[in-house]
Amino acid sequence: MSDLPNIVLVHGAWADGSCWSAVIEQLQSEGYTVTAPQFPESSLADDVARLRQVLNRQHGPTVVVGHSYGGQIMTSLGTDAPNVVALVYIAAFGLDEGESIGGLLAQGTPTAALAHLDIDEQGFAWVPEDDFVSHFAADVDPIEAKVMFAVQQPLATSTLGDVMGVPAWKSLPSWYMVATDDEAIPPDAERQFAERMGATTVEVASSHVAMVSHPDEVVALTKQAAQAI
């Protein structure tokens, strides 16, 4: 049996588990047990429940890697994450207690990737194709970006108002990748998240979807966290 920790990959909004494909392939080739589940994104509570469901299936220590809104999901584990040994944030929200995603986003001008969200009758937000290809996944081949657009998982707008409790990063070692060309979450906000959680931080010249455009760097940071624990 491998003595490597398990890796659980948490996709964010407007993505699905397939966004981790290149990362999964590399980690599996090096002997890691990897799980990249699909999250309903129907509510933060539903998404945290799905993550707990997946974590309960892991045997042994587990590193959780979250992208974008996926950072909100794993941060919401709080102090109750018994088999989680490290958190890795990839251009992800790392909120502190009392904060909400909506509250943070409202502090500035809407970013280019999120400026024209299409809210449907059920209260789910979708990213239009032009914004997705040109801004959300700006450094991804347009053909691949259009596939990502086609499989995007819409986000319930209710999640934007959910207030963070005690964040998991308060009690777990954390790593953070800042995407310096991010047009969804401002890079300076990412730097702030990383600094206040005391995360081991790297910066990559990437769009918001670093795990797609820079999988080697994402794998390297994930392995760094796995080896450190």
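For clarity, every value in this text was computed on a predicted model and none was experimentally measured. (Residues numbered from 1 in each chain as written. Predicted model: local features only at pLDDT ≥ 70, side-chain atom pairs only at ≥ 80, totals over all residues. Heavy atoms only, no water.)

## Description of the overall build of the chain
Turning to step 1, where the next piece is worked out: Secondary structure assignment for the chain yields 9 helices and 9 strands.
Turning to step 2, where the next piece is worked out: For 229 residues, the compact-globule estimate of 2.2 N^0.38 gives 17 Å, and the C-alpha radius of gyration of the chain, at 16 Å, lies within 12% of that figure.
Turning to step 3, where the next piece is worked out: Residues counted as buried form 52% of the 229 residues belonging to the chain.
Turning to step 4, where the next piece is worked out: Considering only intrachain contacts with a sequence separation of at least 6, the fraction spanning at least 24 residues in the chain is 71%.
Turning to step 5, where the next piece is worked out: Accessible surface, the chain: about 9600 Å² in total, of which carbon and sulfur atoms supply 51%.
Turning to step 6, where the next piece is worked out: Measuring between centres, the 8 positive side-chain charges of the chain sit 8 Å from its 30 negative side-chain charges. (Helix = DSSP H or I, 4+ residues; strand = E, 2+ residues; numbered from the N terminus. Rg over C-alpha atoms; globule rule 2.2 N^0.38 Å. Buried < 20%, exposed > 50% of the residue type's maximum accessible area, 1.4 Å probe, protein only. Contact = heavy atoms within 4.5 Å. Areas by Shrake-Rupley, 256 points an atom, 1.4 Å probe, with all protein chains shown as cover. Lys, Arg positive; Asp, Glu negative; His and termini not counted. Charge placed at Lys NZ, Arg CZ, Asp CG, Glu CD.)

## Section: the sheet that holds strand E3 (residues 62–67)
Turning to step 1, where the next piece is worked out: A sheet is described by the order of its strands in space; here 6 strands give the open sequence E2-E1-E3-E4-E8-E9, paired in parallel fashion. Strands with a single pairing partner mark the edges of an open sheet, and in this sheet they are strand E2 (34–35) and strand E9 (200–204).
Turning to step 2, where the next piece is worked out: When strand E4 (residues 84–90) meets strand E8 (residues 174–179), the two strands line up parallel, connected through 4 bridges. The partner of Leu87 across the bridge, within E8, is Ser174.
Turning to step 3, where the next piece is worked out: Taken strand by strand, helix H2 (residues 44–55) contacts strand E1 (6–10), E2, E3 and E4, and its axis lies near 165 degrees from that of E1. (Pairing = 2+ DSSP bridges. Axes fitted to C-alpha atoms, helices over the stretch in contact; angles between N-to-C directions.)

## What to know about unusual backbone geometry
Turning to step 1, where the next piece is worked out: The residue Trp14 is not glycine, and still its phi comes out positive at about 60 degrees.
Turning to step 2, where the next piece is worked out: The phi angle at Ser68 is positive, at roughly 55 degrees, despite the residue not being glycine.

## Details of the packing of aromatic side chains
Turning to step 1, where the next piece is worked out: Inspection of the entire model under this criterion finds 5 aromatic pairs.
Turning to step 2, where the next piece is worked out: With a centroid separation of 6.3 Å and 90 degrees between ring planes, the pair formed by Trp14 and Phe136 is classed as edge-to-face. Within this pair, whereas Trp14 is found in the loop between E1 and helix H1 (21–29), its partner Phe136 is found in helix H5 (residues 129–136), the two being separated by 122 residues in sequence.
Turning to step 3, where the next piece is worked out: By relative accessible area, Phe136 is classed as buried at 1%.
Turning to step 4, where the next piece is worked out: When the ring of Tyr89 is compared with that of Tyr176, the centres are 5.8 Å apart and the planes differ by 10 degrees; the resulting orientation is stacked. With Tyr89 in strand E4 and Tyr176 in strand E8, the pair connects residues that are 87 residues apart, well separated along the chain. When sorted by exposure, Tyr89 lands in the same class as Tyr176, which is buried. (Phe/Tyr/Trp six-rings, centres within 6.5 Å; stacked < 30°, edge-to-face > 60°.)

## Digging into the pairing of E3
Turning to step 1, where the next piece is worked out: In terms of burial, E3 is a largely internal element, 6 of the 6 residues being buried.
Turning to step 2, where the next piece is worked out: What you see with E3 is no split at all: Thr62, Val64 and Gly66 on one side and Val63, Val65 and His67 on the other are buried throughout.
Turning to step 3, where the next piece is worked out: Relative to E3, E1 runs parallel, the two being bridged by 5 bridges. Bridge assignment links Val10 to a residue of E3, and that residue is Gly66.
Turning to step 4, where the next piece is worked out: Alignment of E3 against E4, held across 6 bridges, turns out to be parallel. Within the sheet, the bridge partner assigned to His67 lies in E4 and is Ile90.
Turning to step 5, where the next piece is worked out: At this point the chain moves from E3, through helix H3 (residues 69–75), to the parallel E4, and the crossover so formed is right-handed. (Right-handed = clockwise from strand over helix to strand, strands pointing away.)

Interpretation note: all reported values are geometric properties and have no functional meaning in isolation.
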